[in-house]
Structures are given as C-alpha cells and as structure tokens.
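# Coordinates in review
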Amino acid sequence: RLHQRGVLSVFTRNCSKIMSEESNRQSKLYIASFGNTGTVGNAFVQSALANASVEKIYLVNRRVLPEKIDEDPRIVHVLMTDFENGYADAFDNIKPTINMVHWALGSPPTPGYALLGMGSDQYHNAHVKYPTKAAEYFNSKNSDMIFHYTSGDGASEGSYINFLHQKGLGERSVSEAAKSLDCL
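What comes next concerns the included structure. Every value quoted in this text rests on a predicted model; they were computed, and no experiment measured them.

## Remarks on helix α5 (residues 162–177)
Its 16 residues place the ends of α5 22 Å apart at the C-alpha level, agreeing with the 22 Å of an ideal helix rising 1.5 Å per residue. The complete set of buried residues in α5 reads F163, L164, Q166, K167, G168, L169, G170, S173, V174 and A177.

## Description of the packing of helix α4 (residues 120–141) against α5
Two quantities define a packed helix pair, namely the angle between the axes and the distance from one axis to the other. Viewed as axis vectors pointing N to C, α4 and α5 meet at an angle of 15 degrees, and their least axial separation amounts to 9 Å. Accordingly, the angle class assigned to the pair α4 and α5 is roughly parallel. Of the two possible hands of crossing, α4 and α5 adopt the one that is right-handed. Facing Y123, H124, H127, V128, P131, T132, A135, E136 and N139 of α4, the residues of α5 in contact are N162, F163, Q166, K167, L169, G170, S173, V174 and A177. When the residues that make up the contact of α4 with α5 are grouped by side-chain class, the tally is 8 nonpolar, 8 polar and 2 charged.

## Thoughts on the nonpolar core
Grouped together as the largest cluster of nonpolar side chains are 24 residues, with contacts concentrated most on F34, Y87, F91, W103, F138 and F147. For this core, the secondary-structure elements that each account for two or more residues are β1 (29–34), β2 (54–61), α3 (87–91), β4 (100–103), α4, β5 (146–149) and α5. Counting residues per element, this core draws most heavily on α4, which supplies 4 residues. Grouped together as the second largest cluster of nonpolar side chains are 12 residues, V54, I57, L59 and I146 included.

## Here we look at the pairing of β4
Judged by which residues are buried, β4 turns out to be covered on both faces: M100 and H102 on one side and V101 and W103 on the other are all buried. Pairing between β1 and β4: 4 bridges, direction parallel. Across the sheet, residue S33 finds its bridge partner in β4, namely H102. Bridge analysis of β4 against β5 gives 4 bridges, and the strand direction is parallel.

## Points about the packing of aromatic side chains
This structure, assessed with the given rule, holds 11 aromatic pairs. For the ring pair F34 and F91, a centre distance of 6.3 Å and an interplane angle of 45 degrees mean the geometry is tilted. Taken together, the positions of F34 in strand β1 and F91 in helix α3 put the pair 57 residues apart, joining distant regions of the chain. Given a relative accessible area of 4%, F91 falls into the buried group. Taken together, the ring pairs in this structure connect F34, F83, Y87, F91, W103, Y130, Y137 and F138 into an aromatic cluster.

Calculation criteria
- Residues numbered from 1 in each chain as written.
- Predicted model: local features only at pLDDT ≥ 70, side-chain atom pairs only at ≥ 80, totals over all residues.
- Heavy atoms only, no water.
- Helix = DSSP H or I, 4+ residues; strand = E, 2+ residues; numbered from the N terminus.
- Expected span 1.5 Å × (residues − 1).
- Buried < 20%, exposed > 50% of the residue type's maximum accessible area, 1.4 Å probe, protein only.
- Axes fitted to C-alpha atoms, helices over the stretch in contact; angles between N-to-C directions.
- Parallel < 35°, antiparallel > 145°, perpendicular 65-115°, else oblique.
- Left-handed = near helix turned anticlockwise from the far one by under 90°.
- Contact = heavy atoms within 4.5 Å.
- Nonpolar A, V, L, I, M, F, W, Y, C, P; charged D, E, K, R; others polar.
- Core = buried A, V, L, I, M, F, W, Y, C linked by side-chain atoms within 4.5 Å.
- Pairing = 2+ DSSP bridges.
- Phe/Tyr/Trp six-rings, centres within 6.5 Å; stacked < 30°, edge-to-face > 60°.

Structure (structure tokens):
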C-alpha cells in the first residue's frame, strides 16, 4: 500500500504538471477520461478538476459512477459499452472538440486475470485494441489532441509478464495512432 500511495503521489504531480503545460498551450481543456473508477483514473479526475483551464471533463465509463462525483458542473458522464466502435455515437455531437484524452481503462496487473472473468483476448483488447481505437478516433477529430496512455513500470513488448507485455504492445500501438502521446 505504501508503494501504491507513493506511485499515486508521483502520478498526481505528473498529471498536474502535464495539465499546466497543456493549459499554457491551449487556453481551455476539454477532456475525455476513460477508466475513472480505478485508482489511477480517479486521481487523474481529481487533478483535472483542480485545474482552472479544464472547461469540461467527459467521464467515460462502462458503468454508472457514484453520485458524489456529480458535484462539479464541468463533469459530463458518458456511459459507453462498445470500446471498439462506439466513439462516433458517444462523441460526434460534442462541441467543442475534445483536445485531451486520458486512458486508464483496463484491468489490474494480476497474474490471475482469468479469475477476474477476463480471458487473454479481453486482456489484450482492454490494454491494446481499445485504446488504439480511441487514439485513432480522437486524432481524426483533432490532430492537435494529446493522448495520455496510462501504462506500467517495466512495460515492454518483450516481457514474459502478460500485463507488462500487453502494456508494451499498447504503448507502441497507441503511439502509432496518436500524433501526440504521453505514457504515464
């Protein structure tokens, strides 16, 4: 737990720094954030809400979030179940165009991911296929958009640990699809 809190603290400082840099580059931030029910996604949302340049943050989730997060008027909930082809339905009518995406959707780095009801293909989809589809969609709408992909320490396509292997594949795949990519 102490290690997780330390990593989360560094992550939160990095998010604040990135958002500060982005707000210098773009006066208003319109963010789509994926994976907000987890520890990393929640920390990102809290950092975003602390930044005055954030005009709107679209919380994209597979399930409904607790009501208490609705307290900030900049938050818009987007319920999405099709992470392969559902981006146009969810985002084509949103104006102005989203200029920052944060991807923390996935599953925890456990060796027993099958115990979570997730097969190898689903694991690959969550960490490689879906974020790549998101990067392609958002980049096609705004070439000035920045895509933040939450990865893992030690991520490598050559890793024998599936979580790190999939995250390594995801880093490469998303970076090819997005013109501007940060791996957090």
